[in-house]
Amino acid sequence: MTTLHPGDIVRIGLACSVQFTGDRVLRLRLVAVGEPDPYNDWIWLTGYVLGPKGNATDKREVYVQRAGVVVVERVPRPTLSTRNPHAQPHPRLTRVRTA
């Protein structure tokens, strides 16, 4: 079973829950992934419902069976080879009060 990450696009259908049958199937861009329930493998997912053109139409929070979630598109994860090991952190900006 693959790990779900924010940014991934998943398909929520009948295998996830009986409420997602027929025209109620969702394509969801994940914003947050909850911890799976260790007893029955259900999980809370929060994300944006994607329309036919890929635009966000609604924000939803769904409770689904983890085994039924299908990853449609995975967001690339940064690896050690793609990170700049010499990058400097941004300096912290401070606000100056004026009288």
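This text gives an overview of the structure that appears in the document. (Residues numbered from 1 in each chain as written. Predicted model: local features only at pLDDT ≥ 70, side-chain atom pairs only at ≥ 80, totals over all residues. Heavy atoms only, no water.)

Quick word on the pattern of salt bridges
Using the criterion set out here, one finds one salt bridge in the structure. A salt bridge links Arg 74 to Asp 8, with the shortest nitrogen-to-oxygen separation between them at 2.7 Å. Placement of Arg 74 in the segment after β5 (70–73) and of Asp 8 in the segment before β1 (9–12) is noted, with a sequence separation of 66 residues between them. Judged by relative accessible area, which is 35%, Arg 74 ranks as partly exposed. Classification of Asp 8 as buried rests on a relative accessible area of 0%. (Salt bridge = Lys/Arg side-chain N within 4 Å of Asp/Glu carboxyl O. Helix = DSSP H or I, 4+ residues; strand = E, 2+ residues; numbered from the N terminus. Buried < 20%, exposed > 50% of the residue type's maximum accessible area, 1.4 Å probe, protein only.)

Comments concerning the sheet that holds strand β4 (residues 56–65)
Across the sheet, which stays open at both edges, the five strands sit in the order β4-β3-β2-β1-β5 with antiparallel pairing between neighbours. Looking at the sheet topology across the chains shown, the edges are occupied by β4 and β5. Along the sheet, successive strands turn relative to each other by an average axial angle of 45 degrees, direction set aside. Relative to β5, β1 runs antiparallel, the two sharing three bridges. The residue bridging Arg 11 from the neighbouring strand is Val 70, located in β5. (Pairing = 2+ DSSP bridges. Axes fitted to C-alpha atoms, helices over the stretch in contact; angles between N-to-C directions.)

By themselves, these are just geometric observations and shouldn't be taken as functional.
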